[in-house]
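Coordinate inspection notes
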Amino acid sequence: MLQIAACAWALSTPPLESLDRIRLAGFDTVDLWPNSFDAIGSADQITRRGLKPGCFGLLAGALPGGLSLDDITGDKAQAVLDVMFQSIDKAAALGTKRAYMVTPMEYPADDTQYLNSVRALGDRAATAGLKLCIEPHPGRSLPNDAACLEFVKKTGHENVHVLVDFGHCLITNESPSESLRNAGDRLGYVHVDDNHGQFDDHVALFDGVLKAPVINDFLETLVDIPYDGGLGIEFKLTTPSPMSAIVQARDYIRGWELRQGVTA
């Protein structure tokens, strides 16, 4: 069976209360952002609730000193990397084995620093025992899975991987299943959500453009590859009834597994 994680950042409750809600909803894995770390404090706060960490997002909210993720491609890169190194260390302290980052807005004409920054993050993650994943995003420097995979390969770093976001494929018109197959051993993590086809608005499954055959084929591909990296159900604070949306997505996936006889 696929390892399914609930993203804590979809919930407006304080981090520890969010962990309780996620466990009460029947999840055993939780995905986290750095802004949860200070309130959670230690891995024990997660494990004592019968949870384990899934994937850790390396950036959430504004960076200090007027920095932005865009600076990772230029002469201020080290200052941004220092913040992200701290997030990697926090993720490791919580027992997470995967971490992911989004991408800057623009792809630089000279990508030397961009590549070197990601390589440095790959090194730091490897030292901490984490697999580093890059999430492409429509409208950003790596807008789709194909561009992200090309960039990941260009880094030449064995610890840099692709995060395939199912919902983003609905916007870019890429086949989610094809993205999984193309990634091959570079597939690091997976997000699942729905949207209306133009913006990454994170609505409950089937409240947007998603049709059942598309996600069914996606799930079948994950099982066939096979993939054991976990699947994060990702919604946002703006998602109507996010906890219900997370549970509904989990139940759809588990129902599909039951119908297909997927047990391990």
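Right above here is the structure, for reference.
Described below are features of the structure shown in this document. (Residues numbered from 1 in each chain as written. Predicted model: local features only at pLDDT ≥ 70, side-chain atom pairs only at ≥ 80, totals over all residues. Heavy atoms only, no water.)

On to the sheet that holds strand 6 (residues 160-165). Here 8 strands make up a closed barrel; going around it, the order is 1-2-3-4-5-6-7-8 and the pairing parallel. Averaged over all pairs of adjacent strands, the angle between their axes in this sheet comes to 30°, without regard to strand direction. In the sheet, strand 6 pairs with strand 7 (residues 187-192) via 4 bridges, with the strands oriented parallel. Within the sheet, the bridge partner assigned to leucine 163 lies in strand 7 and is tyrosine 189. (Pairing = 2+ DSSP bridges. Helix = DSSP H or I, 4+ residues; strand = E, 2+ residues; numbered from the N terminus. Axes fitted to C-alpha atoms, helices over the stretch in contact; angles between N-to-C directions.)

With that out of the way, let us pick up helix 10 (residues 242-260). In this model helix 10 runs 27 Å from its N-terminal to its C-terminal C-alpha over 19 residues, within 8% of the 27 Å that 1.5 Å per residue would give. Among all positions of helix 10, only Pro242, Met243, Ala245, Ile246, Ala249, Arg250, Tyr252, Ile253, Gly255, Trp256 and Glu257 are buried. If you follow the buried residues of helix 10, they end up packed against strand 1 (4-7), helix 1 (15-24), helix 9 (212-224) and strand 8 (231-233). Positioned one or two residues after helix 10, glycine 261 has a phi angle of 75°, which is positive. (Expected span 1.5 Å × (residues − 1). Buried < 20%, exposed > 50% of the residue type's maximum accessible area, 1.4 Å probe, protein only. Contact = heavy atoms within 4.5 Å.)

With that settled, consider helix 1. Regarding helix 1, the residues found buried are Ser18, Leu19 and Ile22. In an axial view of helix 1, the angular spread of the buried residues amounts to 105°, which keeps them on one side of the axis. Packed against the buried residues of helix 1 are strand 1, strand 2 (29-32), helix 2 (37-40) and helix 3 (43-47). Positive backbone phi, approximately 95°, marks glycine 26, located one or two places after helix 1. (Arc of directions from axis to C-beta.)

Quick look at the environment of glutamine 78 now. Mapped onto the secondary structure, glutamine 78 falls in helix 4 (residues 77-93). Here glutamine 78 falls in the partly exposed class, since its relative accessible area comes to 47%. Between the C-alpha atoms of glutamine 78 and proline 226, which are 148 residues apart in sequence, the distance is 37 Å.

Moving on, we get to the pairing of strand 1. Residues Ile4 and Ala6 point to one face of strand 1 and Ala5 and Cys7 to the other, with burial holding for every one of them. As paired strands, strand 1 and strand 8 are joined by 3 bridges and run parallel to one another. Residue pairing for strand 8: alanine 5 is matched across the bridge by glycine 232. In terms of strand pairing, strand 1 meets strand 2 through 2 bridges, oriented parallel. The residue of strand 2 that forms the bridge with cysteine 7 is aspartate 31.

If charged atoms from side chains of opposite charge come close, those side chains can pair. The full count for this structure, using the stated rule, is 6 salt bridges. The salt bridge involving aspartate 44 is made with arginine 48; its shortest N-O contact spans 2.6 Å. On the accessibility criterion, aspartate 44 (38% relative accessible area) is partly exposed. We classify arginine 48 as exposed; its relative accessible area is 56%. Among the ionic pairs, aspartate 89 bridges to arginine 124, the shortest N-O distance being 2.8 Å. Of the two residues, aspartate 89 is situated in helix 4 and arginine 124 in helix 5 (residues 112-128); the sequence distance between them amounts to 35 residues. (Salt bridge = Lys/Arg side-chain N within 4 Å of Asp/Glu carboxyl O.)

One pass over the structure, following the stated rule, counts 0 disulfides. Here cysteine 55 is not disulfide-linked; the sulfur of cysteine 133 is the nearest cysteine sulfur, at 5.4 Å. Among the residues examined, cysteine 55 registers a relative accessible area of 1% and is labelled buried. Its sulfur unpaired, cysteine 169 is 11 Å from the next cysteine sulfur, which belongs to cysteine 148. In this structure cysteine 169 comes out as buried when scored by relative accessible area, which is 2%. (Disulfide = S-S within 2.5 Å.)

This next bit is on the packing of helix 8 (residues 176-183) against helix 9. Each pair of packed helices can be described by the angle between their axes along with the distance between the axes. Put simply, helix 8 and helix 9 touch, their axes get as near as 8 Å, and they point 20° apart. Taken together, the axis directions place helix 8 and helix 9 in an arrangement best described as roughly parallel. Between helix 8 and helix 9 the crossing geometry is right-handed. Across from Pro176, Ser177, Leu180 and Arg181 in helix 8, the residues of helix 9 making contact are Val214, Asp217, Phe218, Thr221 and Leu222. In terms of residue class, the contact of helix 8 with helix 9 is built from 5 nonpolar, 2 polar and 2 charged. (Parallel < 35°, antiparallel > 145°, perpendicular 65-115°, else oblique. Left-handed = near helix turned anticlockwise from the far one by under 90°. Nonpolar A, V, L, I, M, F, W, Y, C, P; charged D, E, K, R; others polar.)

Such coordinate-based values are descriptive only and should not be taken to indicate function.
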